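Commentary on secondary and tertiary structure
Each chain, letter by letter, is given below.
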Amino acid sequence: MTADSAHFVTRAVHAGRTRETATSRATPIFLTAGFEFDDFDHAADHFGTGAGFGYTRTGNPTVRTVERQLAALESGADAVLVASGQAAVVTAFLTVAGAGDHIVSSTHIYEGTRGLLVDNLARLGIEATFIDDIDDPEAWRAAIRPNTRALFAESIANARNDILDISAISAVADEAAIPLIVDNTLATPYLVRPLEHGAAIVVHSASKFLAGHGSVLGGVIIDDGRFDAVRHGHNAPHLVLPGRGGLPSVAARHGGNARIAYARESVAPRFGASPSPLNAFLIGQGVETLGLRVERQSRNALEIARWLESQDEVESVDYAGLPSHPDHAKAEHYLRGGFGSIFTFTLRGGLPAARRFVESVEVFVHMTHIGDVRSLVLHPGTTSHAQRAPEERELHGIFPGTLRLSIGIEDVSDLIGDLAQVLSATEAAIA
Ligand SMILES: *Cc1c(COP(=O)(O)O)cnc(C)c1O
């Protein structure tokens with residue numbers, strides 16, 4: 001029986017299908033749950049060795065292409081793409097830590113990551129200690145315990161634009177034979193590649209700059225491929241001990257890539273935050289123009305930050321690209337080709353001025369997102385950081401008059417024009 005001569009309902013699902021391949025310039029979108037096996041042995045081999053593609057939750061050619069693209073841009077050995085930035089952070093933590101373990105984190109991190117550590121991982125028995133003075137290697141060193149499995153920080157942190165001294169903190173992690181995990185979402189690999197400065201793992205929310213179009217969510221974990229069973233094994237028993245049924249250990253099978261192999265085999269597909277191949281495709285398309293966008297966005301942001309700093313209505317601007325920023329020298333050391341496009345500034349008029357501001361913008365879009373080609377504005381004090389006590393907000397550089405900007409690729413004169421019209425409207429309203 002051929003599919004074409006079968007009954008209607010059988011033909012509906014089998015007729016016309018093809019397995020022909022063609023060489024496509026664009027990455028084909030393998031929008032499929034699974035992949036047909038060539039024969040009996042092919043299936044057994046796939047399940048035995050993990051080679052090739054069987055089911056999209058464990059691997060998909062479109063997803064794989066984007067993983068290789070991102071690993072290359074971050075100077076990493078390999079990458080795992082997942083459904084969101086939050087999933088990337090969870091996957092990275094669960095790749096290195098389990099119940100009874102401990103993570104030392106910067107306190108200047110994305111609120112979703114903080115919530116994950118404080119609420120969710122704590123309930124799974126993974127404890128966290130937070131470091132405020134992230135510049136002080138001694139503060140990190142003092143927080144490390146025998147059960148500490150990773151240090152975690154962001155290369156550029158929101159809201160104060162703190163810049164991580166990646167080499168100094170990597171050195172502290174290395175002394176303890178544990179990885180430094182860096183969330184490089186705000187900087188992007190165009191500005192800095194933390195693995196080149198000693199970090200072991202990089203994570204991103206690909207929903208932001210990597211995609212750039214603000215149309216999809218995604219996340220990625222990129223590993224340096226330098227896991228050393230002898231040096232790091234005592235802090236990663238799950239990588240060096242034999243697997244179930246006498247399977248050789250992850251390290252024996254994957255060597256330096258043990259961590260990322262474990263993330264791919266055991267963490268990402270089990271916890272299940274698999275990316276849609278369509279979203280992977282859209283992220284890959286975005287990444288192709290990452291450098292052009294971030295270069296333009298950084299240039300626009302610097303010009304806007306300078307302009308804001310010269311306005312009477314503005315009390316302060318927290319942008320690491322400005323010489324007035326406490327981390328400016330570190331930013332010049334680590335960032336190449338710009339200083340990023342996300343920063344906060346504080347209006348003298350406090351909360352009423354901030355409210356007028358978001359209600360008056362015409363070119364800027366009022367929403368909770370960053371890294372978009374469009375310029376965006378948000379009032380962190382009443383949104384992303386509303387759950388924090390006022391003293392905690394101030395520690396993070398968030399005051400009632402503080403606004404966060406994510407600068408897009410528009411013509412900078414239109415953006416400054418918008419801000420100028422907003423500031424004069426704000427001034428008039430509260431005068
Ligand atoms: C947005 C963001 C995340 C979370 O990413 P999602 O894609 O929204 O899940 C993590 N870290 C940073 C720095 C972010 O900006």
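Residues numbered from 1 in each chain as written. Predicted model: local features only at pLDDT ≥ 70, side-chain atom pairs only at ≥ 80, totals over all residues. Heavy atoms only, no water.

Section: the sheet that holds strand 5 (residues 180–183)
- If you trace the seven strands from one edge of the open sheet to the other, you get 1-7-6-5-4-2-3, paired in mixed fashion. Of all strands in the sheet, those with a lone pairing partner are strand 1 (78–82) and strand 3 (127–131), marking the two edges. With strand direction ignored, the average angle separating the axes of adjacent strands in the sheet is 20 degrees.
- Strand direction decides the pairing type here: strand 5 and strand 6 (residues 201–205), joined by three bridges, are parallel. What sits directly across from Val 182, in strand 6, is Val 202.
- Contacts from helix 12 (residues 258–271) reach strand 1, strand 6 and strand 7 (219–223) within the one sheet, and its direction differs from that of strand 1 by about 25 degrees. (Pairing = 2+ DSSP bridges. Helix = DSSP H or I, 4+ residues; strand = E, 2+ residues; numbered from the N terminus. Axes fitted to C-alpha atoms, helices over the stretch in contact; angles between N-to-C directions. Contact = heavy atoms within 4.5 Å.)

With respect to helix 14 (residues 290–309)
- Between the first and last C-alpha of helix 14 there are 28 Å, a value that for 20 residues agrees with the 28 Å anticipated at 1.5 Å per step.
- Every buried residue of helix 14 is accounted for by Leu 290, Arg 293, Val 294, Gln 297, Ser 298, Asn 300, Ala 301, Leu 302, Ile 304, Ala 305, Trp 307 and Leu 308. (Expected span 1.5 Å × (residues − 1). Buried < 20%, exposed > 50% of the residue type's maximum accessible area, 1.4 Å probe, protein only.)

What to know about empty space enclosed by the protein
- In this structure the tally under the stated criterion is one cavity of 30 Å³ or more.
- Residue lining of the largest cavity: Thr 91, Ala 92, Thr 95, Ile 201, Ile 221, Asp 223, Arg 259, Ile 260 and Ala 263, and that is the complete set.
- Only helix 4 (85–96), strand 7 and helix 12 provide two or more residues apiece to the lining of the largest cavity.
- Of the residues in the lining of the largest cavity, the class split is five nonpolar, two polar and two charged. (1 Å grid on protein atoms, 1.4 Å probe; cavity = no way out; pocket = protein on both sides within 12 Å on 5 of 7 lines; lining within 4 Å. Points joined across faces, edges and corners; volume = space filled by probe spheres on them. Nonpolar A, V, L, I, M, F, W, Y, C, P; charged D, E, K, R; others polar.)

Quick notes on the environment of Asp 318
- Along the chain, the position of Asp 318 falls in strand 8 (residues 314–318).
- On a C-alpha basis, the gap between Asp 318 and Ala 389 in space is 21 Å, while along the polypeptide they are 71 residues apart.
- Residue contacts for Asp 318: discarding those within four places in its chain leaves Ala 159, Arg 160, Asn 161, His 325, Phe 343, Thr 344 and Gly 397.

Concerning the environment of Val 66
- Inspection of the secondary structure assignment puts Val 66 in helix 3 (residues 61–73).
- When the C-alpha positions of Val 66 and Ala 79 are compared, they lie 8.8 Å apart, and in sequence the two are 13 residues distant.
- Leaving out residues up to four positions away in the same chain, Val 66 has contacts with Leu 81, Ala 280, Ile 283 and Gly 284.

As for the domain arrangement of the protein chain
- Entries for the protein chain in the domain assignment read domain 1 (59–287) and domain 2 (290–430).
- One C-alpha centre belongs to domain 1, the other to domain 2; they are set 28 Å apart.
- Each partner contributes to the interface: domain 1 provides 35 residues, whereas domain 2 provides 40 residues.
- For the pair domain 1 and domain 2, the two sides together bury roughly 3100 Å², of which 55% comes from carbon and sulfur.
- If you sort the residues of domain 1 by the area they bury against domain 2, Tyr 190, Leu 191 and Phe 209 come out on top, with a joint share of 23%.
- Our count for the contact surface shared by domain 1 and domain 2 stands at three salt bridges. (Domains from an automatic or database assignment. Buried area = accessible area lost by both parts, 1.4 Å probe. Salt bridge = Lys/Arg side-chain N within 4 Å of Asp/Glu carboxyl O.)

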